Amino acid sequence: SFSKDANELLLHPIERMIAKMETIKDNPLEAMRLGDLEYRREEVEQARKKDVLAKMSRLKRLLFQYQYMKVVKEPMETVLLEKTIIKLGGLLALGFGEAGAEIVGRFAGTSPGAGIRENALGTLVD
């Protein structure tokens, strides 16, 4: 039905992206962990596919690869956006470092008007 498709293809991915943005806003270093989890998930998926192919006979493997080549599906835009959010968060965490991530986590989005309070007091870091 339409509502099921809308939920599955649009609303759930957007909710996941919002959750990831909230996580990164609260703790920018968490983006590095999210990137690692995403990488591990893709690695496990590829390993599982290789295991399935290894267990097939040669004829089945050829047929499977032929079918897979015909129906190579492109990733949805929402998936690409999710991965981009994770990568950008990882780059921000890398650029800010631990001290900068703490500052961003403390001052980003603390007021309902959102944004960063640029006049907030900081702390001295050695």
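Look a little higher up for the structure.
What comes next is a walk through the structure. The residue numbering used here restarts from 1 in each chain and proceeds along that chain's sequence as written. Given that the model is predicted, a residue must reach a pLDDT of at least 70 before its local features are reported, and side-chain atom pairs must reach 80 or more before they are shown or counted; all residues, however, enter totals for whole chains, interfaces and linings. Note that water and hydrogens are dropped before the side-chain values are worked out from all heavy atoms of the structure.

1. Regarding the side chain of lysine 20
Mapped onto the fold, lysine 20 is located in helix H1 (residues 2-26). Here, two residues are considered to be in contact whenever any of their heavy atoms come within 4.5 Å of each other. Once you skip the residues sitting within four places of it in the chain, lysine 20 turns out to touch Leu34, Glu82 and Ile86. To qualify as a helix, a DSSP run of H or I must reach at least 4 residues; to qualify as a strand, a run of E must reach at least 2; elements of each kind are numbered from the N terminus.

2. So, the pattern of salt bridges
Within this document, salt bridges are pairs made up of a side-chain nitrogen of Lys or Arg and a carboxyl oxygen of Asp or Glu, the two lying within 4 Å of each other. In total, this model carries eight salt bridges according to the counting rule given. Lysine 25 is the salt-bridge partner of glutamate 22, the closest N and O atoms lying 3.6 Å from each other. Placement of both glutamate 22 and lysine 25 in helix H1 is noted, with a separation of three residues, approximately one turn of the helix. We classify glutamate 22 as partly exposed; its relative accessible area is 40%. Through salt bridges with shared partners, a single ionic network connects Arg16, Lys20 and Glu82. Think of it in three bands: residues with accessible area under 20% of the maximum for their type are buried, residues over 50% are exposed, and the middle band is partly exposed, with areas taken using a 1.4 Å probe on protein chains only.

3. Points about the nonpolar core
In this description, a nonpolar core means a group of buried Ala, Val, Leu, Ile, Met, Phe, Trp, Tyr and Cys residues linked to one another through side-chain atoms lying within 4.5 Å. Within the largest apolar cluster, six residues are counted, these being Met17, Ile24, Ala31, Leu34, Ile85 and Ile86. Within the residue set of this core, elements represented by two or more residues are H1, helix H2 (30-55) and helix H4 (77-107). In this view, isoleucine 85 contacts Met17, Met21 and Ile24; residues no more than four positions away in its chain are not counted.

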